[in-house]
Each structure stands twice: as structure tokens, then as C-alpha cells.
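# Breakdown of the fold
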Amino acid sequence: MSMFSKAVRRTTAATLIFAAAGVAAQAEEFVMATGQQGGSWYPVGGAIKAIVEREHPDITITVTPGAGVSNVVGVDAGRFAIAFANSISTVDSLTGKEPFRKATTNVCNLGILYPQYFQIVALADSNIKTVADMKGKGLTTQQLGNTGEFLTRELLSTAGLTYDDLGSVAHTSYSDSASQMKDGHADFFTLGSSLPTGSVMDLASSRKITMVDVDPETFKHFKDQNAAFQLREVKAGVYPGFDEVVHAISYDTHMVAPCDYNGDTVKAVLSAIADNPDSFAAISKTMANLTVEQMATDIGVPFHPAAKEFYAERGVAGME
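Residues numbered from 1 in each chain as written. Predicted model: local features only at pLDDT ≥ 70, side-chain atom pairs only at ≥ 80, totals over all residues. Heavy atoms only, no water.

Our focus in this paragraph is the overall build of the chain. Helix and strand content of the chain: 12 helices and 10 strands. In terms of its C-alpha atoms, the chain occupies a principal-axis envelope of roughly 90 × 45 × 40 Å. Here the chain, with 320 residues, has 50% of them falling under the buried criterion. Taking the intrachain contacts of the chain between residues at least 6 apart in sequence as the baseline, contacts between residues at least 24 apart amount to 73%. Summed over all atoms, the accessible surface of the chain reaches about 14,300 Å², with 53% contributed by carbon and sulfur. When the 24 basic and 35 acidic side-chain charges of the chain are each reduced to a single mean position, those positions are 6 Å apart. (Helix = DSSP H or I, 4+ residues; strand = E, 2+ residues; numbered from the N terminus. Buried < 20%, exposed > 50% of the residue type's maximum accessible area, 1.4 Å probe, protein only. Contact = heavy atoms within 4.5 Å. Areas by Shrake-Rupley, 256 points an atom, 1.4 Å probe, with all protein chains shown as cover. Lys, Arg positive; Asp, Glu negative; His and termini not counted. Charge placed at Lys NZ, Arg CZ, Asp CG, Glu CD.)

Mapped onto the elements, Arg79 comes out in the loop between helix H3 (68-76) and strand E3 (82-86). Linking Arg79 and Thr162, residues 83 residues apart in sequence, is a C-alpha distance of 32 Å. Contact partners of Arg79, with chain neighbours within four places excluded, come to Val31, Ser70, Val73 and Gly74.

Before going further, it helps to examine the nonpolar core. Counting residues in each nonpolar core, the largest one holds 40 residues, and the members touching the most others are Phe30, Met32, Ile48, Ile82, Met255, Ile273 and Tyr311. Sequence-distant contacts of Tyr311, defined by excluding residues within four places in its chain, comprise Leu110, Gly111, Leu270, Val292, Met295, Ala296, Phe303, Val316 and Met319. In terms of nonpolar packing, the next biggest core, distinct from the first, is built from 24 residues, Met134, Tyr163, Phe222 and Ala228 among them. (Core = buried A, V, L, I, M, F, W, Y, C linked by side-chain atoms within 4.5 Å.)

Let us now look at the state of the cysteines. Under the defined criterion, the tally for this structure stands at one disulfide. With a sulfur-sulfur separation of 2.1 Å, Cys108 is cross-linked through a disulfide to Cys259. As the torsion about the S-S bond is roughly 100 degrees, the Cys108-Cys259 disulfide counts as right-handed. Linking Cys108 in strand E4 (residues 108-123) with Cys259 in the loop between strand E10 (246-257) and helix H9 (263-274), this pair joins segments that are 151 residues apart in sequence. We classify Cys108 as buried; its relative accessible area is 4%. For Cys259, a relative accessible area of 24% translates into the label partly exposed. (Disulfide = S-S within 2.5 Å.)

The description of an aromatic ring pair rests on the distance of the ring centres and on the angle between the ring planes. Considering all chains together, one arrives at seven aromatic pairs under this definition. Relative to Phe84, the ring of Trp41 lies with its centre 5.8 Å away and its plane at 45 degrees, an arrangement referred to as tilted. You can see Trp41 sitting in helix H2 (residues 41-55) and its partner Phe84 sitting in strand E3, a full 43 residues away along the chain. Here Trp41 falls in the buried class, since its relative accessible area comes to 7%. A relative accessible area of 0% places Phe84 in the buried class. (Phe/Tyr/Trp six-rings, centres within 6.5 Å; stacked < 30°, edge-to-face > 60°.)

Among the nine residues of H3, seven are classified as buried, and the element is accordingly described as predominantly covered. The complete set of buried residues in H3 reads Gly68, Val69, Asn71, Val72, Gly74, Val75 and Asp76. Considering only its buried residues, H3 is in contact with strand E1 (28-33), H2, E3, helix H4 (87-93), helix H5 (147-157) and E10.

Attention shifts here to the packing of H2 against H9. The geometry of H2 relative to H9 is characterised by a closest axis approach of 9 Å and an angle of 110 degrees between their N-to-C directions. In terms of their interaxial angle, H2 and H9 are classed as roughly perpendicular. The two elements H2 and H9 meet at a crossing, and its hand is right-handed. Taken together, the residues of H9 that come into contact with H2 (itself represented by Ile48, Ile51 and Val52) are Ala268, Val269, Ala272 and Ile273. When its residues are assigned to classes, the contact of H2 with H9 shows seven nonpolar, no polar and no charged. (Axes fitted to C-alpha atoms, helices over the stretch in contact; angles between N-to-C directions. Parallel < 35°, antiparallel > 145°, perpendicular 65-115°, else oblique. Left-handed = near helix turned anticlockwise from the far one by under 90°. Nonpolar A, V, L, I, M, F, W, Y, C, P; charged D, E, K, R; others polar.)

A word on the pairing of E1. Strand direction decides the pairing type here: E1 and strand E2 (residues 59-64), joined by six bridges, are parallel. Of the residues in E2, the one forming a bridge with Glu28 is Ile59. A crossover links E1 with its parallel partner E2, the connecting element being H2, and its sense is right-handed. Of the pairings in the sheet, the one linking E1 to E3 comprises two bridges and is parallel in character. In the sheet register, Ala33 faces E3, and the bridge partner there is Ala83. (Pairing = 2+ DSSP bridges. Right-handed = clockwise from strand over helix to strand, strands pointing away.)

Applying the stated criterion across every chain, the model contains 11 salt bridges. The partner of Arg54 in a salt bridge is Glu55, and the shortest N-O contact between them spans 3.5 Å. Residue classification places Arg54 among the exposed positions, given a relative accessible area of 54%. A salt bridge links Arg232 to Asp252; the shortest N-O distance between them is 3.7 Å. Of this pair, Arg232 sits in strand E9 (residues 230-234) while Asp252 sits in strand E10, and the two are 20 residues apart along the sequence. With respect to class, Arg232 is no different from Asp252; both count as buried. Beyond isolated ion pairs, a larger network of salt bridges with shared partners links Lys267, Glu309 and Glu313. (Salt bridge = Lys/Arg side-chain N within 4 Å of Asp/Glu carboxyl O.)

Shown next, in the form of C-alpha cells:
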């Protein structure tokens, strides 16, 4: 082989290596923190992943389970590029309010997805109708770091109760909580999720359930602590055999990212959500009619610069 041929081969190989390196440099791989299996965050995250990766082959998303509070902390620490969160928790994180140990400094809002309900589900034969009735009863709820678990402790405090006043307390997944309720190992189940929630649907198919109604005075305890709380109605028939109207403490699911995170990726994720309502309706009915105006609702958390650009490009007023 001539020296010229060898040089061409070396040049060509080098070109291919640099070309490959260029492609790799453009590819984006990131972790998106969602919620526990059995809730709505995890499947919604899976749907986002499928759409984004289909429309942007250079983006790869790893969807991981998470929790409202720990997701925000993870974004602030740079462990997650994008995460699901609860409006109330994210607002509290900005000032380092409990359960956060310190104020977050690099968490920006991407957009609202749907309302969340703090559901207090009890077995019909448990005779739990008020918070005071929970004394001595068995609770199953989420692990520490979950917004639902934090709200459970706050709820108990309105009646002067703590976990020590209960018969038993289990910290586990939605699915395992439903199983414990089915087997009679717990009397009530607290969780923060959309309506209806799959794990509660599963529970209601085999056990008669009720939901504890939140009265205005109890709600005021929460509202005084965080203005993002709302009191919303839970309609009869939301679960099999559930035939009454009650009120639940409510807040909003939204997405967050580090304020300096890649703007093109942020827009790709927001586009996937805004342009594919049918893909999410089967997971969360309330997302079927989600509009960009609703996504752009101001919840008191600063918007990511790319999110503001996205909403301005979609014609949302006030985002210029």
C-alpha cells in the first residue's frame, strides 16, 4: 500500500471519529424524576418520554420514580434535569420552609399539568369520618420525601394527633398501600394524586371505601401556610361504590427544571405535552383539555427562560 493510500485511510478514519464525536456531542440524555408506580406521575412521564424520543431521536430520557419534595431537591442539586413536582411544595422550597432543609436557588417552573387531590381514603367499616376518628387506627401512606406524607402529618396535627397516636403506620407505594387496605392491615390510606387514581380504583373494586370530607376550618390550617392550596370538590362516582360528594385539599402538578438547563430540550418536552392531549387523556382525564394558557398559569415559581419563550411563541399573553 502506498504512503498516499495510508494517509487517505488515516484522514478518513479521523474524519469519521470527529464526525461521530460531533453527533455524540449533540445528543441529549437526561433523567426525568416522576412519582411512585401506581400513581399518575410515572405513566405521564413515560408518555412524555415516548413522544419526545419519537420526535427527537437525538434525545434519550430515563424516567425514574420519585416524590414531590425530593424531586425539587434533586433538581436544585443538579441530579435531575426535569422533574414532576407539586405547586405547594415548590413554593415552600423557595424559602426553605419545612420539609425543606434549605431554600432552593436553581428551580424554575416549566408548566402546570393538572390538579392533584390529597385523598383521605378509608375502609367503610373503619368508622373514620373525621381526623379525630383516626386515633388508634392503622395508616398506610407514602415514604418520607413525598408531599402526600407531609400533608398527612399536617392533617393529623389539626386534631392534635401524631403518628404515635395511631395504631400503625406504613410508608410504602400506592400499590402496596392498596394491597394493605384490601387485606385489612390498614384502616385508611392517604395520598396525593389525580382523580381517579389507579391504586384506589383497584382498592374500590374489592372493598367498600369512603373518603373523609375536609371541612373549611381544617382547610384554613393549610391555606394559612401556603396560598397555593385550594379546596376542590370530589364528585360522587369518581370511584366504584363511592356515592357521595366530599371536599379535598388540592394543589397542582407541574414540572420543574434547573433555571440554566438546556432551553431546546425544555421546549421539546413542553411541545410534546401541548401538542398531544390524546396521549395523556387515558392516563389523566384532566389533561384531555389542557391548554397552553393553563400550562402557563403563574403559581409563584419563576418560569424557566425557555418556558417563557415557548408560551410567548404559542401566543400566551404576558409572556413577552
